[in-house]
Amino acid sequence: MSWGDDKTLVLLLAGGVGSRLNVLVQTRAKPAVPFAGIYRIIDFSLSNIMNSGFSQVGVLTQYKPLSLMQHIGTGEAWDFTGRTRGVKILPPRTGSSDSDWYKGTADAVRQNIDFIKAYPSKELIILSGDHIYRMELDEMLHFHRRKRADMTIGMMVVPREQIHQFGAGIINSEGRIVEWEEKPKVPRTDLASMGIYVFDTAYLLRMLETFRDDLDFGMDIIPKAIASDQVFAYPFRGYWRDVGTIQAYWEANMDLLRADAPITPAAWGIRPNPAAEGRPADRTPARFTGGCTVQNSLIAAGCIIEGTVVNSVLSPGVKVGKGATVRDSILLHDCVVEEGATVDLAILDKRVQVGQGAVVGSGSEKEVANRKQPKHLYTGITLIGKEAEVPANTTIGRNCVIAPYRKGGDYPGSNIATGESV
Amino acid sequence: MKQKPKVLSIILAGGRVDELNVLTAHRPKSAVPFGGFARVIDFPLSNLMQSGLELVAILSQYRSFSLISHIGIGGAWDMLGRYRGVSILPPSQGFGQSSWYRGSADAVFQNLDFIQFHNPETILILSGDHVYHMDYREILAYHREKEADCTIACLEVPLDKAHRFGVAEIDDEDGELGGRVVQYQEKPVEARCNWASMTVYCFRPEVLYDLLAVNAREDDSFEFGRNIIPRLLAGSYRVYGYKFYGYWGYTRTIDEYWQTSMDMLGPAPKIRIEEWGLRTNLDHRRTCDCQPLKVGPDAAIHNSLIYNGCLIEGTVENSILFPGVHVKPGAMVRDSVLFFNNVVGRDSRLDKVVSDVNVSFGHGAHLGEPGDPLAKRATVVGWNNQIPDGIVIGAGCTLYPGLAPDQLSRSVIPAGEVVR
């Protein structure tokens, strides 16, 4: 089959900073944050696109795109290589008159009109690379065609008290959206936008060219489209999480561990890209020594477990030494927890070293928030940045933040109190 | 500047070994799963990659499909590029006489056109059947230094085990490094020497070409060990032995396969798989799509290797589990090796079982006998079998692949029985 007029083009918005993920996004964009041991957040969107049968994708990046670009590579991991298949990274460009940094979702798409025109399509699907979910986007496209819509928005029911975080739509009996409120303070509906749009390509191009100053879909384009055109809500009923906060990220990882886990990446057909991790196949099976204890956990290949691991998610290559305990925690690639150390309710970025006898997550004051960033850490989770060292016999309290690359000399003492940062 | 490779490596991967019976019913021995995620041939392939030898031919004729899928385009071992590649060479017809490979030497002889096209300075011949970690650059350097016609990698074995191997006597020319081979016996009834050939040979190409031609013309057997090496020693050739002191595991019988697998476990494993840097092709069977191992709330795991894609809700001890194994609550897996996609039912018990892909064990099934694993033989289960609920199968039994339900309708299968 060749590239014809009935083809669908997909744009994946992967520019988000996700600053509430704190040290996890200090060295990478939010879509590139590792999740569920071997995946990155964007794998869920990329795999949904692949499993829905779409094969021409543009990925719009802006913030710290290096790890994202390396991760996507040629797109082979998601079957995006071939004569009519491809994934292109689309960073902001200078050179033409109205190119600049992306100033919003609609602006980002507008700056890539040349890409959209280079791959003529009947419909364009725009989605975000930030979310954990499984969705059949081809079903949504069929819905869009059946309704003869100009635009279709993927929407789901959320608790009313959360609606202020979303674009909210009020629909009529046919599913057409008749009113729109972006992040309303007073909820009038429980139907929230997932940031997934199907546009008739010609319609979108006309909107972007007509309203040249509009920067954002939710704030600017959608209200205008609803006022004058056919905009429908496509209902989604399934597990969907925006893991944009530390608390949500931790909870979604813990959701993986339940016996009736609502997230099942392999069953969902989610594909990681281990080749981009470097030396991928060198990860051997996880090794469990005699005398170890492992319960209710997710353990990736390449881990060596000599101690105790309970209710935790371990990425490839994590080592837990003799007498060490890891509980209610998320440890990214190649972390080392040395003999007798304890990690309790913590998220450790890649290659963190926890020295002998150290304690990460100590004390019972889980409600004492981080002093500098009380909105990021307030439930007891302690965060350790990439490649940081926790010196032997150091004790770190609750809701603490250790910045990436911190070594022994950077610590003020052997006791970091609850709520403090290094 | 990167030159054309001077060494052509040839892996002999065609063989089926009858003693591994059900595990090689549908695949050559080199493609037998090993180590929780890999295949036996990954050991020589990874050794080649790490030795920088990236021009490789694989000679194969026995049910090659599994091997072909596994090798793919060779990218997993970085053998893809201008001067890098893996070629699988099956038997083929031509204008002259055509036949199946009649032995390891004949397989090489039938592919002389391929070899001569590459015009190598040295030909490295390996077996695809062994588990070891070796830097081939060292034996190649020794081979060149000695200006040898053939250099054989050898490992010292106890004299009473020597009858199972080709064994050489090596003189003291270079002490611990190696020396001239002064005599060689292939699987001798009464061994006089105990340096066993590892089936790793470096050849001067012209010598190999000559000997293969003579062998094809004059002999009625076509094996390196039985024919070519004795011919070398009978002639006035320079044959050297390179002494190897590392681990060398072989998998000729089920019990050897089991023992070699167990050498990966324990506090001081002989196969140091993390250090060896073993590579496999994660695209094969889409192993790369497996999610991390999930361990349930009541699971217990000790002294085991378990790859991504498994779900453990019961107990696993001293075992190796390949992707997709599900051990249900109350089940006990001990001293066992379970290949891809086995399902172990509730309250079942497996002791010293080697089970091929796609086997499900019913609720309360008991296979093997508890106790010292060294005191009894392994029970082996061929692929695509459904073991019924509550059945008792003794130690040392063999179940052929894809048995019909009525073949397993008994409540007890006594130790040592073969069900086919």
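Here the structure is shown first, and the text comes after it.
Report on the accompanying structure.

Quick notes on the rules
- Residues numbered from 1 in each chain as written.
- Chains lettered and ligands numbered in written order.
- Predicted model: local features only at pLDDT ≥ 70, side-chain atom pairs only at ≥ 80, totals over all residues.
- Pairing = 2+ DSSP bridges.
- Helix = DSSP H or I, 4+ residues; strand = E, 2+ residues; numbered from the N terminus.
- Buried ≥ 20, exposed ≤ 12 C-beta atoms within 10 Å, placed from the backbone.
- Axes fitted to C-alpha atoms, helices over the stretch in contact; angles between N-to-C directions.
- Parallel < 35°, antiparallel > 145°, perpendicular 65-115°, else oblique.
- Left-handed = near helix turned anticlockwise from the far one by under 90°.
- Contact = placed C-beta atoms within 7 Å.

### A few points about the sheet that holds strand 25 (residues 346-348) of chain A
Part 1 of the argument: Spatial ordering of the open sheet is given by 31(A)-28(A)-25(A)-22(A)-19(A)-16(A)-14(B)-17(B)-20(B)-23(B)-26(B)-29(B), a layout of 12 strands whose pairing is mixed. A single partner strand is all that each edge strand has here, and the edge strands are strand 31 (401-402) of chain A together with strand 29 (385-387) of chain B.
Part 2 of the argument: In this sheet, strand 22 (residues 330-331) of chain A lies alongside strand 19 (residues 313-314) of chain A in parallel orientation, the contact comprising 2 bridges. Bridge pairing in strand 22 of chain A places Leu314 of chain A opposite Leu331 of chain A.

### Brief notes about the pairing of strand 11 (residues 195-203) of chain B
All names here are of chain B.
Part 1 of the argument: Counting buried positions along strand 11 yields 9 of 9 residues, so the element is predominantly enclosed.
Part 2 of the argument: Across 4 bridges, strand 6 (residues 122-127) lies against strand 11 in antiparallel orientation. Residue pairing for strand 11: Leu126 is matched across the bridge by Val200.
Part 3 of the argument: With 6 bridges connecting them, strand 8 (residues 150-156) and strand 11 associate as antiparallel partners. What sits directly across from Ile152, in strand 11, is Tyr201.
Part 4 of the argument: The pairing of strand 9 (residues 166-170) with strand 11 spans 2 bridges and is antiparallel. Residue Ala168 lies in a different strand from strand 11, and its bridge partner there is Trp195.

### A look at the packing of helix 6 (residues 205-218) of chain B against helix 7 (residues 224-234) of chain B
Residue and element names in this part refer to chain B.
Part 1 of the argument: Where helix 6 meets helix 7, the axes come as close as 10 Å, and the angle between the chain directions of the two elements is 120°. Put simply, helix 6 runs oblique to helix 7. Crossing handedness for the pair helix 6 and helix 7: right-handed. Taking contact as the criterion, the partners of Leu211, Val214 and Asn215 in helix 6 are, on helix 7, Asn227, Ile228, Arg231 and Leu232.

### Observations concerning the sheet that holds strand 24 (residues 349-351) of chain B
Whether parallel or antiparallel, the strands of a sheet pair through hydrogen bonds between backbone atoms.
Residue and element names in this part refer to chain B.
Part 1 of the argument: The 7 strands lie next to each other as 15-18-21-24-27-30-32, forming an open sheet whose pairing is parallel. At either margin of the open sheet sits one strand with a lone partner, and together these are strand 15 (300-302) and strand 32 (412-413).
Part 2 of the argument: Where strand 21 (residues 332-334) and strand 24 come together, 3 bridges link them in parallel fashion. By the bridge assignment, Met332 is partnered in strand 24 with Arg349.

### What about the pairing of strand 6 (residues 123-128) of chain A?
Residues and elements named next belong to chain A.
Part 1 of the argument: Judged by how many residues are buried, strand 6 sits mostly within the fold: 6 of 6 residues are covered.
Part 2 of the argument: Of the two faces of strand 6, both are covered, the one formed by Glu123, Ile125 and Leu127 as well as the one formed by Leu124, Ile126 and Ser128.
Part 3 of the argument: Note: strand 1 (residues 8-13) against strand 6, 6 bridges, orientation parallel. When the bridges of strand 6 are listed, Leu13 appears paired with Ser128.
Part 4 of the argument: Where strand 6 and strand 11 (residues 191-200) come together, 4 bridges link them in antiparallel fashion. When the sheet's bridge partners are listed, Ile126 is paired in strand 11 with Tyr197.

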